[in-house]
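Single-letter residue listing:
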Amino acid sequence: MPLSDAGQLLLVGVPGAELDSQTAEVFRKLQPGGFILFGRNIKTPQQLRKLIDDLRDLSQVEPIITIDQEGGRVSRLRLIGNEPPNAVQLRDRNDLDLIRKHGDITGRLLRLFGFNLDLCPVLDISFDDEADNSLKGRCYGRTAQEVVEKAGAFNEAIRATGVLSCGKHFPGYTCASLDPHHELPRIERTRQELEENELYVFRKFAKTVDSMMIGHISISGLEDGGFPGSLSPQIINGLLREEMGFDGLVMTDDLDMGAILNHYGFDETMRQGIVAGNDMLMLCHRVELATQAVAALEGMDSAALAPALERMHKFKSKLVAPDAFSEAAFQAVDQEIWDLRVAVLGEELAASRSPEDGKRSPVELY
């Protein structure tokens, strides 16, 4: 069977810490556009770099290699090193130089392992730091302007290292009372409220982030067809691309979440995701779904896939090659993370890591 371009529109997870022969054969055949790694993929620094090198070796087109390395509990690489401060800790320290340092260190750390895209910054506003919606500790501001200033400092710094950035979760997940890992949140919010808050932030970042992640959220003031943002032509093609002028890469959040699976058929979701304006469809955990996803996309008219493939090609032209890896280089950057942690939190608080609260929200796993 000839290789299909459809695989380039998938961002897929990897089952374990090593690339087993069966998974390697699936990836070699499908040629996914990118790979997203999680805690299950990270055991030691050397092992992680080898896994990423192996994923590159089976890819005929340079792949996107990405991860959620935000800070705090959503820092996959804290499994093999120090935990960077989270967005709220940096926000409350109120020092833009420290935020820029966090972005610079994060970018250099990721390049050392071979990552070329970081799935941050979070651009959601924290109207309530204790809200039970998976965003706890992850927001750079309590107001739109504070997010623009502080997330902007991180975004500028990480992009300066060559690692590309991703704003999330468009069009604004702040007011959700449900966690989309479990169920689709529906928000009643007027267009004016959105323009003064969530959309104000995303408009500011539309020219400065390399990609956008679309959230699984239904907002009354934006979508009259009932679709969640991640499957909505009104929100992606209309609001983000046409109205805001965003011309970077657009990806869904993980489509293997309750917010989507509980409401839509799989093949329908894949097709609708592309029709809505996404360039990458994210499948984080069940690798076997990738084959089904490619089959669903291949069943579409090639003209429907062309805009996404063109944007994918443009995005990939900006990917940087990995830096040379050494254990000593990793240890040096890891010490910088510790020093930053102390500068933000002080010695005593720095010694205490974030609790594992994946039972409350699986965001640490997803």
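Coordinates for the structure precede this section.
Residues numbered from 1 in each chain as written. Predicted model: local features only at pLDDT ≥ 70, side-chain atom pairs only at ≥ 80, totals over all residues. Heavy atoms only, no water.

## Quick look at the side chain of N41
Stage number 1. Looking at the element boundaries, N41 is found in the loop between β2 (34-37) and α2 (45-57).
Stage number 2. The exposure class of N41 is buried, given its relative accessible area of 0%.
Stage number 3. Within the structure, the side chain of N41 is placed 2.8 Å from the backbone oxygen of V14, a separation counted as a polar contact.
Stage number 4. Within the structure, the side chain of N41 is placed 2.8 Å from the backbone nitrogen of F38, a separation counted as a polar contact. (Helix = DSSP H or I, 4+ residues; strand = E, 2+ residues; numbered from the N terminus. Buried < 20%, exposed > 50% of the residue type's maximum accessible area, 1.4 Å probe, protein only. Polar contact = N/O pair within 3.5 Å; in protein donor to acceptor, adjacent residues only side chain to side chain.)

## Structural notes on the pattern of salt bridges
Stage number 1. In total, this model carries 31 salt bridges according to the counting rule given.
Stage number 2. Put simply, D104 and R108 hold a salt bridge, and the shortest N to O gap is 3.0 Å. Remark: R108 and D104 occur in helix α4 (residues 96-113); sequence separation between them is four residues, near one turn of the helix.
Stage number 3. With a relative accessible area of 30%, D104 lands in the partly exposed category.
Stage number 4. Under the relative-accessibility criterion, R108 is labelled partly exposed at 29%.
Stage number 5. Across the pair D210 and R159 runs a salt bridge whose closest N-O atoms are separated by 2.8 Å. Taken as a pair, D210 in the loop between α7 (198-205) and β9 (211-214) and R159 in helix α5 (residues 144-160) lie far apart in primary sequence, 51 residues in all.
Stage number 6. Note on D210: relative accessible area 2%, which makes it buried.
Stage number 7. Three or more residues are tied together by salt bridges with common partners; here these are R91, D92, D129, R142, E146 and K150. (Salt bridge = Lys/Arg side-chain N within 4 Å of Asp/Glu carboxyl O.)

## What about empty space enclosed by the protein?
Stage number 1. One pass over the structure, following the stated rule, counts five cavities of 30 Å³ or more.
Stage number 2. The volume enclosed by the second largest cavity comes to roughly 70 Å³.
Stage number 3. Lining the second largest cavity are 13 residues, with S126, D128, N133, L135 and C139 sitting closest to its centre.
Stage number 4. Broken down by class, the residue content of the lining of the second largest cavity amounts to six nonpolar, four polar and three charged. (1 Å grid on protein atoms, 1.4 Å probe; cavity = no way out; pocket = protein on both sides within 12 Å on 5 of 7 lines; lining within 4 Å. Points joined across faces, edges and corners; volume = space filled by probe spheres on them. Nonpolar A, V, L, I, M, F, W, Y, C, P; charged D, E, K, R; others polar.)

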